[in-house]
Amino acid sequence: MFNALVLTQENKQTFASVTQLQESDLPQGEVLVEVECSSLNYKDGLAVTGLGKIIRNFPMVPGIDFAGRVIESQDERYQAGDQVILTGWGVGENHWGGLAQKARVKADWLVPMPQHCDAAKAMQIGTAGLTAMLCVQALQNANVQPSDGDILVTGASGGVGSVAVTLLNKLGYTVVASSGRVSQNGDLLKRLGAAEVIDRSELDIDARPLDKQRWAGMVDTVGNKVLATALSQMKYGGSAAICGLAGGFALPTTVMPFILRNVSLLGIDSVSCPFEKRRAAWNDVISLLPETYYQQACETISLEQVPEFAQRIIKGEVTGRVLVKL
Ligand code: NDP
């Protein structure tokens, strides 16, 4: 028997409870993994609270990422004892996920544990950190250079945001962090590498078609008016990597930044990111992220604490990354 967080639904309400399961309860898959760590992402918050329509089939074990050790494998790429990471592919949404001591998944969904990494570190990075790396790589591939000017990171105190601030600073970019919690997290964001921290309210306004040019690049985790305003402030030829909707999925913008300032919008998805790109991003984020990130911006919780933290992440009250120890 092993412990799992199980979500059930009654009268359209989602209930989460730690339950004992056995291996025969797990869904089909080629690889059985002893999960050592999972993490809490914004999407997990939506799933566990039921506030987002993330899960359609109940009961469901949530948890969109995990890291652990292979117990048994029917796929030749993995052997018992191998350390592995999983993010995305709908795990924790439509296939039982990582908030359990065991998981059975498809071999195609796994990534071998990179060198210089372990399960705890991998999940301190987690889906959010991997996505931050994909955003930064997209800006690099769009030829955004440190000498081009300031890079804006929105939702900077969150998982994706705080890793993006840290990575961009490490790569020599000048980072401006936008946060709704400047008084609480301003000092932390500066320690992580922000040159300046601005209040979200500066951007959370009705956007003009074009505004004063400020940003050479951007990593956006928020969407909606914040993104629209930031787009109106992009410098000529700038690029915006956008991955999130913490402020809503709308995008009340115009064509002006794109057709008059040659601005590029780079959509970022981590869920179905191809294996080789995913593996390269894992290697890069592990080699770039300094130890100080893990010390300053990560906290550890138990499976029992997940429902409480799920409420908190949806209210925008969580800072940095939350590691779940199984
Ligand atoms: P977090 O909750 O850790 O971070 C989100 C941050 O956004 C918060 O810390 C807060 O930062 C800000 N925020 C919260 N609520 C609001 C609001 N109502 N309006 C404006 N800003 C708000 O989440 P994650 O880092 O895990 O994820 C961030 C976003 O990226 C989510 O929308 C998530 O779904 C998406 N995502 C997408 C992925 C992809 O593959 N495309 C993968 C991973 C995440 P502050 O207080 O500093 O303003």
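Residues numbered from 1 in each chain as written. Predicted model: local features only at pLDDT ≥ 70, side-chain atom pairs only at ≥ 80, totals over all residues.

**Some thoughts on the UniProt feature "domain: Enoyl reductase (ER)" (unreviewed entry) in the protein chain**
Now for step 1: In the numbering adopted here, UniProt assigns the feature "domain: Enoyl reductase (ER)" (unreviewed entry) to residues 13-324.
Now for step 2: For the annotated span residues 13-324, helix accounts for 31% and strand for 26% of the residues, and the straight-line distance between the end C-alpha atoms is 24 Å. (UniProt positions renumbered as here; feature names shortened; annotations may be inferred. Helix = DSSP H or I, 4+ residues; strand = E, 2+ residues; numbered from the N terminus.)

**Structural notes on the sheet that holds strand β12 (residues 234-242)**
Now for step 1: Spatially, the six strands line up as an open sheet ordered β10-β9-β8-β11-β12-β13, and their pairing is parallel. Each of the sheet's edge strands pairs with one partner strand only, and the pair in question is β10 (194-199) and β13 (264-267). The sheet shows a mean angle of 20° between the axes of neighbouring strands, taken without regard to direction.
Now for step 2: The pairing of β12 with β13 spans four bridges and is classified as parallel. Residue pairing across strands places Ile-242 opposite Gly-267, the latter belonging to β13.
Now for step 3: Across the sheet, helix α3 (residues 159-170) touches β8 (151-153), β9 (175-179), β10 and β11 (215-220), and the angle it forms with β8 is around 160°.
Now for step 4: Along the sheet, helix α5 (residues 224-232) contacts β8, β9, β11 and β12; its crossing angle with β11, the most-contacted strand, is approximately 165°. (Pairing = 2+ DSSP bridges. Axes fitted to C-alpha atoms, helices over the stretch in contact; angles between N-to-C directions. Contact = placed C-beta atoms within 7 Å.)

**Regarding the site of the ligand**
Now for step 1: With respect to spatial proximity, 33 residues lie near the ligand, and among them Gly-155, Gly-158, Ser-179, Gly-244 and Gly-316 are the closest.
Now for step 2: Residue assignment for the shell around the ligand shows that the elements contributing at least two residues are α1 (42-49), α2 (119-141) and α3.
Now for step 3: Across the shell around the ligand, the residue classes break down as 13 nonpolar, 16 polar and four charged.
Now for step 4: Here the shell around the ligand gathers at least three residues from each of two domains, domain 1 (2-113 + 295-325) and domain 2 (127-267). (Near = placed C-beta within 6 Å. Nonpolar A, V, L, I, M, F, W, Y, C, P; charged D, E, K, R; others polar. Domains from an automatic or database assignment.)

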